[in-house]
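Working through the structure, step by step
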Amino acid sequence: MRRLNLAKSTRSIYLSLACLSLALHLLLAFFCLSILQTACILPPSSSTQDTDPVQHGSHPSPLDAGRPERKVQSSRPAGEDSFSGSEKKLTGGGRAAQEVKGRARLEALFRHPLYNLPRPPLQEDDWLLRVRTSEQTEDGEHEGYEEEEAISADSEWWSASEEEGYDKMDWTNDVDTHPPWLRFHLGITRWELYDRRDPNLDQLTHYLATQRILNAVQKTGGTQLKLLMSFPNHGQALLKPMKQSRQAETDVNLFYFSDFERHNAEIAAFHLDRLLGFHRVPPVVGRLINVTTEIREITTDHKLMKTFFTSPAGNVCFYGQCEYYCSTEHPVCGRPHLLEVSLAAMLPDLTLAPRRSWRSPWKRSYSRTKLAQWEKVPAYCDTVKQTPPYNRGTRLVDLIDMAVLDFLMSNMDRHHYETFEKFGNDTFLVHLDHGRAFGRHSQDEPSILAPLQQCCRIRRSTLLRLRLLSLPDSRLSDMMRASLAQDPLAAVAPLLSEPHLSALDRRLATVLQVVRTCQHQHQDVIYDDLGKYGEDQNQQPDGKNK
């Protein structure tokens, strides 16, 4: 009997413990559910009155300081954009703010006195082309106009207005009736291709980036593929296609004369030339074109047409005819139709404005085994200084300006340069063909600076601008980044990668060091092109005394 009572008591204890355990588990479950519910509460919509203080810029409550940050799970499927609308605005706003800041610094640079130096008033013979008035056209004996290459209403240049597909020309002496490319031609002077402050420059680049393409043919001459594009308003542009990605570097085992030409190098060269204050590179702009509708379907070049094909990946490709890289192994391909290109404004026709081509004294041998004379003779510049046209005027310092430009962008392919015949030897050098620049950012080529190193001569204005571009507030890489951001192709990808931009600062420091070495070794290093204006400046842009 006693054993039976003990068994009943033990059973009651076990039952009580089981109930207590179940109650504890239920309590724990309710507690966990309350925590999970709190963690999964989504932030309220911005349309509600109880808004998130962090998102809307208000300060959080002091009571929230010790609370752990709440993490919100996204309800979007995997692979979908995980940024909310507000986050997208914040991300885009940050980039836009950087671009605005870059533009502001670029505008401040161009307001600097070194970019607004006074020039003597332009005389009539300082303009490359002028529009004849009706009186001058009728007066065949007008002094200077029989020999001068001027545009007139009875010129053959006007006869193209009847060609199919072109706009009717109703141009007058009023500059407002002229298309941007014509205003560019009429703005060329003895001293520069364009005035940076001319509002037509923006109109010209916009026109190159947006005008309907009427025809596309391959341009003769040169070693690599390039096309001549025609527009309905009778303008033309030189096209160079994208051949390799922005990040690709030139193979170290490849000779300079075998390198690819790069479309972004042509664009960057224009911007760099403008930042240096030279204005000697024709305006260039980037553009996305459709190789099917804007080349293949409109070209009248049958030889070019025969080189089109569709790649195994389904991309429309062509290769043209040229000395290098015009084959099915090196095609130019769209993706599947769109292709990045550079479009350079054409200079006036040679029948209107003849140009003279000059062999550079520092031309390379373009040989795999031979060296040029300047590479073997350290005192080579002494001979150049005694040779016309380098023995007078500004031709030598013009050439050194060009060497500085080439060194900064690592362009070894400078064999010739051109000048307009009308201006004789007293004019600037036209900087053309920069497709092989910006090929390698990890290595510099000191031999490009040979003209500066051997002659130890440089313009004061050039040196002062170089020093200005070495300062933190106007660093060359930052100015280039801001300037290139204005190009249409910058919306696709930066025109120059960050390593290339960093290389600009490194090379600029090298140029300034070469000048300092020259000043330690020679007395007459600075060519003073500033005159009294330079004498009035007591400080250099870097704060050092002259």
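Note that the structure is predicted; figures quoted are calculated from it, not measured.

The next thing to look at is the overall build of the protein chain. When its secondary structure is counted, the protein chain shows 16 helices and 12 strands. Taking all 546 residues of the protein chain together, the buried fraction comes to 43%. Of all intrachain contacts in the protein chain linking residues separated by at least 6 positions in sequence, the fraction that spans at least 24 positions is 70%.

Turning to the nonpolar core, a few remarks are in order. Judged by nonpolar contacts, the single largest core of 117 residues is most densely connected at L272, I295, F318, W362, F420 and M480. Ignoring any residue separated from it by four or fewer positions in sequence, one finds L272 in contact with L405, L408, M409, F438, L476, M480 and L504.

Moving on, we come to the UniProt feature "binding site: ATP" (unreviewed entry) in the protein chain. With numbering aligned to this structure, UniProt lists the feature "binding site: ATP" (unreviewed entry) at Q224, K240, E261, A344, A345, M346, L347, E418 and D433. If you trace the backbone, A344 turns up in strand β8 (residues 338-345). Sequence-distant contacts of A344, defined by excluding residues within four places in its chain, comprise Q236, A237, L238, P283 and V284. Structurally, A345 is set in strand β8. Residue class for A345 comes out buried when judged on its relative accessible area of 9%. When residues no more than four places from it in sequence are discounted, the contact partners of A345 are F184, L204, L208, P282 and P283.

Right, let's talk about the state of the cysteines for a bit. With the rule as written, the count across this model stands at four disulfides. Here C381 engages in a disulfide with C455; their sulfurs sit 1.8 Å apart. Because the torsion about its S-S bond is 110°, the bridge between C381 and C455 counts as right-handed. You can see C381 sitting in helix α10 (residues 380-385) and its partner C455 sitting in helix α12 (residues 450-455), a full 74 residues away along the chain. C455 shares its class with C381; the two are buried. A sulfur-sulfur separation of 2.1 Å characterises the disulfide bridge that pairs C456 with C518. Sign of the S-S torsion, about -75° for the bond between C456 and C518, identifies this disulfide as left-handed. Placement of the pair is C456 in the loop between α12 and β11 (458-459) and C518 in helix α15 (residues 498-521), with a sequence separation of 62 residues.

Here the focus is the UniProt feature "binding site: Mn(2+)" (unreviewed entry) in the protein chain. Mapped onto this numbering, the UniProt entry gives "binding site: Mn(2+)" (unreviewed entry) at E261 and D433. Despite a sequence span of 173 residues, these residues sit close together in the fold, their greatest C-alpha distance being 9.3 Å. Along the chain, the position of E261 falls in the loop between β3 (236-241) and α6 (263-275). With a relative accessible area of 6%, E261 lands in the buried category. Discounting residues that sit within four places of it in the chain, E261 has contacts with Q224, K240, P241, K243, D433, G435 and R436. Structurally, the position occupied by D433 is in the loop between β10 (416-420) and α12. In contact with D433, not counting residues within four places along its chain, are K240, E261, E266, N411 and D413. For D433, the side chain forms a polar contact with the side chain of K240, separated by 2.8 Å.

Here we take up the pairing of strand β4 (residues 284-290). Across the seven residues of β4, six count as buried, placing the element largely inside the fold. Here β4 pairs with β8 via seven bridges, running antiparallel. When the sheet's bridge partners are listed, R287 is paired in β8 with V341.

This part is about the packing of aromatic side chains. Counting across every chain of the model gives 12 aromatic pairs. For the pair Y194 and F270, a centre-to-centre distance of 6.1 Å together with 55° between the ring planes defines the contact as tilted. Placement of Y194 in the loop between α4 (180-186) and α5 (200-210) and of F270 in helix α6 is noted, with a sequence separation of 76 residues between them. Side by side, Y194 and F270 carry an identical accessibility label, which is buried. For the pair Y207 and F231, a centre-to-centre distance of 5.3 Å together with 65° between the ring planes defines the contact as edge-to-face. Linking Y207 in helix α5 with F231 in the loop between β2 (227-230) and β3, this pair joins segments that are 24 residues apart in sequence.

For the rest of this paragraph, the subject is unusual backbone geometry. With omega at -20°, the peptide bond leading from R335 into P336 counts as cis. One can find P336 in the loop between β7 (332-333) and β8. Backbone geometry at H279 places phi at a positive 60°, although glycine is not the residue there. Within the secondary structure, H279 is located in the loop between α6 and β4.

What follows deals with the environment of L304. Topologically, L304 is positioned in helix α8 (residues 302-305). Put simply, L304 and V217 are 87 residues apart on the chain and 7.2 Å apart in space, counted from C-alpha to C-alpha. Apart from residues no more than four positions distant in its own chain, L304 is found in contact with A216, Q218, L227, I295, T299, F318 and G320.

This part takes up the packing of helix α11 (residues 395-408) against α15. Two elements in contact, α11 and α15, have axes whose closest approach is 9 Å; the angle formed by their N-to-C orientations is 145°. Where α11 approaches α15, its residues V404, F407 and L408 are matched on the opposing element by L504, R507, L508, T510 and V511. In terms of residue class, the contact of α11 with α15 is built from six nonpolar, one polar and one charged.

What counts as what
- Residues numbered from 1 in each chain as written.
- Predicted model: local features only at pLDDT ≥ 70, side-chain atom pairs only at ≥ 80, totals over all residues.
- Heavy atoms only, no water.
- Helix = DSSP H or I, 4+ residues; strand = E, 2+ residues; numbered from the N terminus.
- Buried < 20%, exposed > 50% of the residue type's maximum accessible area, 1.4 Å probe, protein only.
- Contact = heavy atoms within 4.5 Å.
- Core = buried A, V, L, I, M, F, W, Y, C linked by side-chain atoms within 4.5 Å.
- UniProt positions renumbered as here; feature names shortened; annotations may be inferred.
- Disulfide = S-S within 2.5 Å.
- Polar contact = N/O pair within 3.5 Å; in protein donor to acceptor, adjacent residues only side chain to side chain.
- Pairing = 2+ DSSP bridges.
- Phe/Tyr/Trp six-rings, centres within 6.5 Å; stacked < 30°, edge-to-face > 60°.
- Axes fitted to C-alpha atoms, helices over the stretch in contact; angles between N-to-C directions.
- Nonpolar A, V, L, I, M, F, W, Y, C, P; charged D, E, K, R; others polar.

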